[in-house]
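Given next are the chains, with one letter for each unit.
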Amino acid sequence: MRFAGSTLKPRSAGREFDVGSADTDRSGNRRRAVRRGRPASGRSAPQDTSETPDAPSAVASAKGFQPEPVMRPRQQVEAQLREAILSGTFKRGERFPSEAKLAEQFRVSRATIREALRALVSAGLISTVPGASGGSFVTYLDHHKLGELVSERLNNTLELGSIRYDEVAEFRNLLEVPTARLAAEHRTAAHLRQLHDVIEREKNTTVDDPGIPNFNAEFHSILAEASGNRLVATFVAALHRVAHPLGFIATSEEVGRNAVLHHIAIVSAIKAKDPDLAAKRMVEHLEYLREHAATAE
C-alpha cells in the first residue's frame, strides 16, 4: 500500500489492499466454487458423512484455530493507518495524504476515510488543521500528551456527571503520598530548583490571586515528574488540571501561609532523600487541606 512517498506493506503479496471490493470478491469466489462443485443435474452430490464433516473441525480444534471477525472497511483503514504511525512509516509532524488520495488508494469512500481519521484523532495519534494548508498531521504521543488526553476525557466525564469531583480528589490523594516517597528517592537537582521556584512565587502572592490553584498544581506535577515514573506523572498532572484542590477551599491568609509551609516541609524531606519523612509531610498536607475543604462546605 503506497501513501504519498511512504510505503505500507500490503496485506497480501502482489497487490494493493482493497477494502471496498475484498468481501465482494471473496463472496463471488465462494459462489463460483459452490457452482463448480454441483453435478450437471443440479442435484447435490452424495457425501460420505462418516468421517469428512468431523475431520476439519477436529483438526482445527487440535491446532487451536479460531475464526476471526471480519473488520468493517473503516476499521481496516484505521488499522493500517495506525500501524503506519506506530511503525514509524509516518513520522512525527508528517502530513497524511488528502482524504481523496487515501480514498483512492484504499478504494473506499471519503466518508469511510473521514471516520477512520476521526478515530485516530480521538486516539491522540493525529491532529487535524483546517484550511487550504491544513490536513491531518501525525502527533507526538508521550506521557505529557497522554496527560492532556486523560484530562480532556476526565473533564468531559465530570461534566456529564458520570463521576464526582470528590471521587477525583480521593484518587488524586491516593497517588500523592507514594509520589512524594518516590520523589525523595529519584529527584534531581533540576527538580529541586523547579520546586523552589514555585514556592518563591507562592510566597510572593496574595490569597486573592487567581493563580494560586495553578501554583499548587504545578508544585504537585513537578513532584510527580521527580518520582521517575512517567505514568504517575501523567495521572497526577491530569488530576490536578481537572480538579484543583485549592479551588474548593475558602483560602484565607492563614490557610495560604500554612499550605506554603507544608510545601517547604515536603521539599525539605525530598531534598534530604528521606522517603518516609516525605510521605509523612504529604499526609499532613493532604489532611490539612481536607479539613479546611470540609469546613468550607
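Residues numbered from 1 in each chain as written. Predicted model: local features only at pLDDT ≥ 70, side-chain atom pairs only at ≥ 80, totals over all residues. Heavy atoms only, no water.

Undergrad: Quick rundown of the overall build of the protein chain? Include the residues and the values.
TA: When helices and strands are counted, the protein chain shows 12 helices and four strands. Relative to its 297 residues, the protein chain shows a buried fraction of 36%. Excluding contacts between residues fewer than 6 apart, the proportion of contacts in the protein chain whose partners are at least 24 apart in sequence is 71%. Here the protein chain displays about 17900 Å² of accessible surface, and carbon together with sulfur accounts for 52% of that area. (Helix = DSSP H or I, 4+ residues; strand = E, 2+ residues; numbered from the N terminus. Buried < 20%, exposed > 50% of the residue type's maximum accessible area, 1.4 Å probe, protein only. Contact = heavy atoms within 4.5 Å. Areas by Shrake-Rupley, 256 points an atom, 1.4 Å probe, with all protein chains shown as cover.)

Undergrad: Provide a residue-level description of the pairing of strand β3 (residues 126–129), including the pertinent values.
TA: In this structure, β3 lies alongside strand β4 (residues 135–138), joined through four bridges in antiparallel fashion. Residue pairing in the sheet places I126 in a bridge with V138 of β4. Between the antiparallel neighbours β3 and β4 lie five residues, among them G131 with a positive phi of about 105 degrees. (Pairing = 2+ DSSP bridges.)

Undergrad: Provide a residue-level description of the side chain of T112, including the pertinent values.
TA: The residue T112 is located in helix α5 (residues 110–122) in this model. According to the relative accessible area criterion, T112 is buried, its value standing at 13%. When neighbours within four sequence positions are excluded, T112 is seen to be in contact with P73, R74 and V77.

Undergrad: Run through the environment of G134, naming residues and quoting values.
TA: Note on placement: G134 falls in the loop between β3 and β4. In this structure G134 comes out as buried when scored by relative accessible area, which is 10%. Through-space distance from the C-alpha of G134 to that of R95 is 8.7 Å; in sequence the pair is 39 residues apart. Residues contacting G134, with those up to four places away along its chain left out, are R95 and V129.

Undergrad: Account for the packing of helix α7 (residues 165–186) against helix α10 (residues 230–242), naming residues and giving values.
TA: The relative placement of two packed helices comes down to the angle between their axes together with the axis-to-axis distance. Two elements in contact, α7 and α10, have axes separated by 10 Å at closest approach and are oriented at 140 degrees. Here α10 runs oblique to α7, going by the angle between their axes. In this structure, the crossing between α7 and α10 has a hand that is left-handed. Taking contact as the criterion, the partners of Y165, V168, F171, R172, L175, E176 and T179 in α7 are, on α10, V232, F235, V236, L239, H240 and V242. (Axes fitted to C-alpha atoms, helices over the stretch in contact; angles between N-to-C directions. Parallel < 35°, antiparallel > 145°, perpendicular 65-115°, else oblique. Left-handed = near helix turned anticlockwise from the far one by under 90°.)

Undergrad: Give me the lowdown on helix α4 (residues 99–106), citing residues and values where you can.
TA: Every buried residue of α4 is listed here: L102, A103, Q105 and F106. Projected down its long axis, α4 carries its buried residues within an arc of 165 degrees, all on one side. Immediately downstream of α4, the backbone of R107 shows phi near 60 degrees, a positive value. (Arc of directions from axis to C-beta.)

Undergrad: Give a description of the pattern of salt bridges that names residues and reports values.
TA: Within the structure shown, the criterion is met by 13 salt bridges. The salt bridge partner of E218 is R201, with a shortest N-O separation of 2.9 Å. On the criterion of sequence distance, the pair formed by E218 in helix α9 (residues 212–226) and R201 in helix α8 (residues 189–203) is long-range, its members being 17 residues apart. Accessibility expressed as a relative area gives 30% for E218, which makes it partly exposed. Salt bridges sharing common partners tie together R74, E78 and R82. (Salt bridge = Lys/Arg side-chain N within 4 Å of Asp/Glu carboxyl O.)

Undergrad: Run through α7, naming residues and quoting values.
TA: Helical geometry note: an α-helix holds 3.6 residues per turn, so side chains three or four residues apart project in the same direction. Between its first and last C-alpha atoms α7 spans 30 Å; for 22 residues at 1.5 Å apiece the expected length is 32 Å, and the two agree. V168, R172, N173, L175, E176, T179, A180, A183 and A184 are the residues of α7 that are buried. (Expected span 1.5 Å × (residues − 1).)

Undergrad: Requested: an account of the nonpolar core, with residues and values cited.
TA: Ranked by internal contacts, the top residues of the largest apolar core, which has 20 residues, are F219, L223 and I270. Counting residues per element, the ones that place at least two in this core are α7, α8, α9, α11 (253–271) and α12 (275–296). Core analysis: the second largest hydrophobic core is formed by 17 residues, L81, A84, F96 and A103 among them. (Core = buried A, V, L, I, M, F, W, Y, C linked by side-chain atoms within 4.5 Å.)

Undergrad: An account of the environment of F219 is requested, with residue identities and associated values reported.
TA: Secondary-structure assignment places F219 in helix α9. The class for F219 is buried, based on a relative accessible area of 0%. Taking the C-alpha atoms as reference points, F219 and H196, 23 residues apart in sequence, are found 9.2 Å from one another.

Undergrad: Which residues make up unusual backbone geometry, and what values go with them?
TA: In this structure, R107 takes a positive phi of about 60 degrees despite not being glycine. Summarising the element assignment, R107 is placed in the loop between α4 and α5.

Undergrad: Go over the packing of α8 against α11, please, and point to the residues and values.
TA: Put simply, α8 and α11 touch, their axes get as near as 10 Å, and they point 165 degrees apart. With respect to their mutual orientation, α8 and α11 come out roughly antiparallel. Where α8 crosses over α11, the two elements pack in a sense that is left-handed. Across the interface between the two elements, L192, L195, H196, I199, E202 and K203 of α8 pack against V260, H263, I264, V267, I270 and K271 of α11. For the contact of α8 with α11, a count of residues per class yields seven nonpolar, two polar and three charged. (Nonpolar A, V, L, I, M, F, W, Y, C, P; charged D, E, K, R; others polar.)

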